[in-house]
Protein chains: 2
Amino acid sequence: MTSVPPKTRIQKRNREIILEAALEVFSTHGFRGATLDQIAQEAGLSKPNVLYYFASKEAIHSALLDGLMDTWLAPLHELDSAGEPVEELVAYVLHKLRLARDFPRESRLFANEIVQGAPRIRDQIEGPLKALVDEKAAQIAAWARAGRLAPVDPHHLIFSIWATTQHYADFDAQVRGILGPDDPAHFDNAAAFLTEFYRRALTPD
Amino acid sequence: MTSVPPKTRIQKRNREIILEAALEVFSTHGFRGATLDQIAQEAGLSKPNVLYYFASKEAIHSALLDGLMDTWLAPLHELDSAGEPVEELVAYVLHKLRLARDFPRESRLFANEIVQGAPRIRDQIEGPLKALVDEKAAQIAAWARAGRLAPVDPHHLIFSIWATTQHYADFDAQVRGILGPDDPAHFDNAAAFLTEFYRRALTPD
DNA sequence: GAAATGTTTGACCAAGCGGTCAGGTTCACG
DNA sequence: CGTGAACCTGACCGCTTGGTCAAACATTTC
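Computed from a predicted model, the values in this text were never measured in an experiment. (Residues numbered from 1 in each chain as written. Chains lettered and ligands numbered in written order. Predicted model: local features only at pLDDT ≥ 70, side-chain atom pairs only at ≥ 80, totals over all residues. Heavy atoms only, no water.)

A. Representation of unusual backbone geometry. Even without being a glycine, Ala 118 of chain A presents a positive backbone phi close to 55°. Here Ala 118 of chain A is to be found in the loop between helix H6 (104-115) and helix H7 (122-145). (Helix = DSSP H or I, 4+ residues; strand = E, 2+ residues; numbered from the N terminus.)

Next comes the structure, spelled out in structure tokens:
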């Protein structure tokens, strides 16, 4: 928001190294559980050097969250009102599941934040996120009214999609504990299950 | 496990006060984010007094998790192989949703723990929880084979139920941010949505 | 090649942390 | 009502935390 884009290439590189390290640490320990020393070590820099690039621990965390929100919302943007409703929604489910598989740390960063009451991103949730969800919910409701989709509460449908997909990133430790640590296909199985599941539930009679 | 049941009524009372306060604090800040001072203040006791009843911060956290695991597993135990499959599963969904509504702090305590890699309850997950889930998954698979249930991957079905119900406790901040802070019926709406949703998805053709 | 600017660090600090302890207070019970 | 056990607390301790700073080291620029 207020930050000027980094000037030198060293700045650009080190800021990125720090954000990468911070993502690792924040996503596995939460904001308070993470320490600057941990982040510095993970980044291969000294602590004062980390603070040379970011004003504070808070600032690193904010930078991460800001940079992420857009990526996280993107797939919902793609819900196309011109498409075939059931297939559009299934595609959204699979897109979100892919995100959970490829960016689990980002997902857990959000999860940590929201479980603890979203103190730092409340505004983003009540503002742009709510606006986008409301818009897409209206779209889904219109589909349902037109009989092209089983009648569903659109907001709760969206929640269910978030829940079922992000579960594989956020609760990975539990999923792996139950399925066994090395079930390499469990994301594929999840994809198959969710596809079939949402298709059955959403296809109108 | 090793703890002798408290003797005096003062011990019983204060241990309970401390656990109640600790649940509040741990569930909103995570283990590392919570402090003994916070717990002591919330409990209305001095910090040394808290440590008179529990050996350490760890010990309080363990006591909470131990006492909770059973409650959390109970509804899955009730899945009755003699019942009607779809209705049994819908009843399970609603039972879990009620738990999320009535015990959100307990749910968030687990969520915090699992998001951060479940370092303290890995054994419980890979042991008793996995055993119970595998048993019930076999039951569900049998129902599906008998044609009394749509064909589904039983493990992923159970994950989806956990995800969709606990979502309303764990991600409460997000749900409220989107639905508006005072939608008193949102749990009822969720119940209606999930009932309809799982019925459609699980009823065999 | 030197001055100016940008980068890095060891040493340090105040505050907060989990936990201890000596001693005072309250309670149960004969 | 006396006494021993249970309960409670202020003061304190060693350690970690986020953050500072002066000075050393690189890098760019002219």
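B. Broad picture of the nonpolar core. Within the largest apolar cluster, 132 residues are counted, with the highest numbers of intra-cluster contacts made by Leu 157 of chain A together with Leu 157 of chain B. Considering every element that reaches this core, the biggest residue donor is helix H10 (residues 186-202) of chain A, with nine residues. Not counting residues within four places of it along the chain, the set of residues in contact with Leu 157 of chain B comprises Phe 193 and Phe 197 of chain A together with Leu 89, Ile 140, Val 152, Tyr 198 and Leu 202 of chain B. (Core = buried A, V, L, I, M, F, W, Y, C linked by side-chain atoms within 4.5 Å. Buried < 20%, exposed > 50% of the residue type's maximum accessible area, 1.4 Å probe, protein only. Contact = heavy atoms within 4.5 Å.)

C. Inspection of the relation of the copies chain B and chain A at higher detail. When chain B is brought onto chain A, the operation consists of a screw motion whose angular component is 180° and whose axial shift is 0.0 Å, with 0.1 Å RMSD remaining. In symmetry terms, the pair is related by a two-fold rotation axis. (Least-squares fit on C-alpha atoms with pLDDT ≥ 70 in both.)

D. Highlighting the interface of chain B and chain A. Taken together, the contacts link 56 residues of chain B with 56 residues of chain A. Both sides together, the interface formed by chain B and chain A hides about 4800 Å², and carbon and sulfur atoms give 68% of it. In this assembly, chain B and chain A are joined by two salt bridges. Two residues, Arg 200 of chain B and Asp 205 of chain A, come together in a salt bridge whose shortest N-O distance is 3.2 Å. Where chain B meets chain A, there are 14 residue pairs in polar contact (both at pLDDT 80 or more). Sorting the residues of the side of chain B that touches chain A by element identifies helix H1 (9-33), helix H6 (104-115), helix H7 (122-145), helix H8 (154-170), helix H9 (172-179) and helix H10 (186-202) of chain B as the ones contributing at least two each. At twelve residues, the largest contribution of residues to the side of chain B that touches chain A is made by H8 of chain B. Its residues assigned to classes, the side of chain B that touches chain A shows 26 nonpolar, 21 polar and nine charged. (Buried area = accessible area lost by both parts, 1.4 Å probe. Salt bridge = Lys/Arg side-chain N within 4 Å of Asp/Glu carboxyl O. Polar contact = N/O pair within 3.5 Å; in protein donor to acceptor, adjacent residues only side chain to side chain. Nonpolar A, V, L, I, M, F, W, Y, C, P; charged D, E, K, R; others polar.)

E. Molecular detail of the side chain of Arg 200 of chain B. Here Arg 200 of chain B lies in helix H10. A distance of 2.6 Å separates a polar atom in the side chain of Arg 200 of chain B from the backbone oxygen of Thr 203 of chain A. Apart from the residues within four sequence positions on either side, Arg 200 of chain B is in contact with Ala 150, Arg 200, Ala 201, Thr 203, Pro 204 and Asp 205 of chain A.

F. Quick peek at the pattern of salt bridges. The tally for this structure, following the rule as stated, stands at 24 salt bridges over all chains. Here Arg 120 of chain A and Glu 113 of chain A are joined by a salt bridge, their closest N and O atoms 3.5 Å apart. Its salt-bridge partner being Asp 102 of chain B, residue Arg 101 of chain B comes within 3.2 Å of it at the nearest N-O pair. Under the relative-accessibility criterion, Arg 101 of chain B is labelled partly exposed at 42%. Take Asp 102 of chain B: its relative accessible area is 40%, and that puts it in the partly exposed class. One salt-bridge network, held together by shared partners, links Glu 20, Glu 24 and Arg 105 of chain A.

G. Summary view of the environment of Val 152 of chain B. Tracing the sequence through the fold places Val 152 of chain B in the loop between H7 and H8. Residues Val 152 of chain B and Tyr 53 of chain B, spaced 99 residues apart in sequence, show a C-alpha to C-alpha distance of 48 Å.

H. Here's a closer look at the packing of aromatic side chains. In this structure the tally under the stated criterion is 19 aromatic pairs over all chains. Consider the rings of Phe 159 of chain A and Trp 162 of chain A, whose centres lie 5.9 Å apart with planes at 55°: the pair is tilted. Of this pair, Phe 159 of chain A and Trp 162 of chain A are both found in helix H8 (residues 154-170), three residues apart, which corresponds to roughly one turn of the helix. Residue classification places Phe 159 of chain A among the buried residues on the basis of a relative accessible area of 1%. Relative to Tyr 198 of chain B, the ring of Phe 197 of chain B lies with its centre 6.3 Å away and its plane at 85°, an arrangement referred to as edge-to-face. By the burial criterion, Phe 197 of chain B is buried, and Tyr 198 of chain B matches it. By the ring-pair criterion, three or more aromatic residues cluster together here, those being Phe 193, Phe 197 and Tyr 198 of chain A together with Phe 193, Phe 197 and Tyr 198 of chain B. The ring of Phe 31 of chain A is capped by Arg 120 of chain A, whose NZ or CZ atom sits 4.0 Å from the centre of that ring. Sitting above the plane of the Phe 31 of chain B ring, Lys 57 of chain B keeps its charged end 4.7 Å from the centroid. (Phe/Tyr/Trp six-rings, centres within 6.5 Å; stacked < 30°, edge-to-face > 60°. Lys NZ or Arg CZ within 6 Å of the ring centre and 35° of its normal.)

I. How the structure looks around the protein's contact with DNA strand D. With respect to spatial proximity, 19 residues lie near DNA strand D, and among them Arg 9 and Lys 57 of chain A together with Thr 8, Gln 11 and Tyr 53 of chain B are the closest. If you look at DNA strand D and keep only atoms within 4 Å of the protein, 63% of those are sugar or phosphate atoms. At a separation of 3.0 Å, a phosphate oxygen of DNA strand D approaches a polar side-chain atom of Asn 14 of chain B. Tyr 52 of chain B has a polar side-chain atom sitting 3.1 Å from a phosphate oxygen of DNA strand D. Elements supplying a minimum of two residues to the surface near DNA strand D: helix H3 (47-53) of chain A together with H1 and helix H3 (47-53) of chain B. Residue composition of the surface near DNA strand D, grouped by class: eight nonpolar, seven polar and four charged. (Near = heavy atom within 4 Å.)

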